[in-house]
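Single-letter residue listing:
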Amino acid sequence: MNRRRWRGALAAAALAAAGAAVAPAAPLQAAGPAMEDPVEGAAPSEPSGYRMDDYRTPTPLTLSGARSIDTKSAEALWRAKSAVFLDTMPRDRHPPNLPPGTVWRDKPREDIPGSVWLANVGYGALVPETEAYFRDALTALSGGDKAKPLLFYCRAACWMSWNAAKRAMEWGYTDVIWYSAGTDGWGEAGLPLERATPYALSPTQ
């Protein structure tokens, strides 16, 4: 092998080794992620009141007075823009005893595009400030029309959306929809999710 060919062979071998060590990443596909922490268990019967603890456990299959829908039906409503989508995923709270100088960052939340994230409104008991926020948000988002279709969701096996939907009905909203699979079912169906920020009422609301 002459010197020129020998140098060319060395260069080709070096490139091949580098490519094997650091291969270029393949383009990501728009497929939904698997559920991070699936919750297993039989669906319980509906309680008479609100769920007060253990919010990340199997939920009932239905919510009396509301329409309980699957992902296909939720997608149809979303594409038709015929309901207000309300994300009730709770927001991580700032731990009270962090060491001085610790930087606190909220855990990112991704939800269904076009949704409104009403964080922390799905607890069984609401402090007065959160209840007022929830009431005012529903009034603003429905335009004061209690017949406006409102779709509540969170994640799969999450009582937050069940409680929030139940509370909305008790406040007189008549077209309440409960999407129990939430962002887990939505993502697994390959449907889009986007980064969310909690809803803030404007000063005039």
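Procedures and definitions
- Residues numbered from 1 in each chain as written.
- Predicted model: local features only at pLDDT ≥ 70, side-chain atom pairs only at ≥ 80, totals over all residues.
- Heavy atoms only, no water.
- Helix = DSSP H or I, 4+ residues; strand = E, 2+ residues; numbered from the N terminus.
- Buried < 20%, exposed > 50% of the residue type's maximum accessible area, 1.4 Å probe, protein only.
- Contact = heavy atoms within 4.5 Å.
- Areas by Shrake-Rupley, 256 points an atom, 1.4 Å probe, with all protein chains shown as cover.
- Core = buried A, V, L, I, M, F, W, Y, C linked by side-chain atoms within 4.5 Å.
- Phe/Tyr/Trp six-rings, centres within 6.5 Å; stacked < 30°, edge-to-face > 60°.
- Polar contact = N/O pair within 3.5 Å; in protein donor to acceptor, adjacent residues only side chain to side chain.
- Salt bridge = Lys/Arg side-chain N within 4 Å of Asp/Glu carboxyl O.
- pLDDT = per-residue confidence, 0-100.

(A) Seen up close, the overall build of the protein chain. Counting its regular elements, the protein chain contains five helices and seven strands. For the protein chain, the succession of helices and strands along the chain, N to C, is α-β-α-β-β-β-α-β-α-β-α-β. In the protein chain, which comprises 205 residues, the share counted as buried stands at 37%. Long-range contacts, defined here as pairs at least 24 residues apart, represent 76% of the contacts in the protein chain between residues at least 6 apart. Accessible area for the protein chain stands at about 12300 Å²; split by element, carbon and sulfur atoms hold 55% of it.

(B) Up close: the nonpolar core. Membership of the largest hydrophobic core comes to 30 residues, with the highest contact counts inside it found for Leu86, Leu118, Phe134, Leu138, Phe152 and Val176. At the level of elements, β2 (84-87), α3 (128-142), β5 (150-153), α4 (159-170) and β6 (176-179) are the ones that each hand at least two residues to this core. Among the elements that make up this core, the one with the highest residue count is α4 (seven residues).

(C) Quick look at the packing of aromatic side chains. Evaluated as defined, the whole model comprises eight aromatic pairs. Considering the side-chain rings of Phe85 and Tyr153, the 6.5 Å spacing of their centres and the 65° angle between planes classify their relative orientation as edge-to-face. Remark: Tyr153 occurs in strand β5 and Phe85 occurs in strand β2; sequence separation between them is 68 residues. Here Phe85 and Tyr153 have matching classes, each one buried. Here the aromatic rings of Tyr153 and Tyr179 are separated by 6.5 Å at their centres, their planes lie at 55°, and the arrangement is tilted.

(D) Representation of the environment of Thr71 within the structure. One can find Thr71 in helix α2 (residues 71-80). Owing to a relative accessible area of 18%, Thr71 belongs among the buried residues under this scheme. Considered as a pair, Thr71 and Gly182 are 111 residues apart in the sequence and their alpha carbons are 8.1 Å apart. Not counting residues within four places of it along the chain, the set of residues in contact with Thr71 comprises Tyr179, Ala181, Gly185, Trp186, Ala189 and Leu191.

(E) Spatial organisation of the side chain of Asn120. Inspection of the secondary structure puts Asn120 in the loop between β4 (116-117) and α3. Non-local contacts of Asn120, meaning those with residues more than four positions away in its chain, are made with Met89, Pro90, Arg91, Leu126 and Thr130.

(F) Inspection of the side chain of Arg155 at higher detail. Topologically, Arg155 is positioned in the loop between β5 and α4. When its relative accessible area of 11% is taken as the criterion, Arg155 is described as buried. Looking at Arg155, its side chain comes within polar contact range of the side chain of Asp184, at 3.2 Å.

(G) Spatial organisation of the environment of Gly114. Turning to its location among the elements, Gly114 is positioned in the loop between β3 (110-111) and β4. With a relative accessible area of 64%, Gly114 lands in the exposed category. For the pair Gly114 and Trp78, spaced 36 residues apart in sequence, the C-alpha to C-alpha distance is 8.5 Å.

(H) Region of the structure containing the environment of Pro108. With respect to the helices and strands, the residue Pro108 is situated in the loop between β2 and β3. Here the alpha-carbon distance between Pro108 and Thr197, two residues 89 residues apart in the chain, equals 8.7 Å.

(I) Representation of the pattern of salt bridges in the model. The tally for this structure, following the rule as stated, stands at five salt bridges. Arg67 is the partner of Asp175 in a salt bridge, and the nearest nitrogen-oxygen pair spans 2.9 Å. Residue Asp175 is found in the loop between α4 and β6, and its partner Arg67 is found in strand β1 (residues 67-69); the two are separated by 108 residues along the sequence. Since its relative accessible area comes to 39%, Arg67 is described here as partly exposed. A salt bridge links Glu75 to Arg79, with the nearest nitrogen and oxygen atoms 2.8 Å apart.

(J) The arrangement of the confidence of the model for the protein chain in detail. Here the protein chain averages 82 in pLDDT, and 73% of its residues register 70 or above. This model gives residues 1-35 a pLDDT under 50, and the stretch forms 16 contacts once residues within four places in sequence are excluded.

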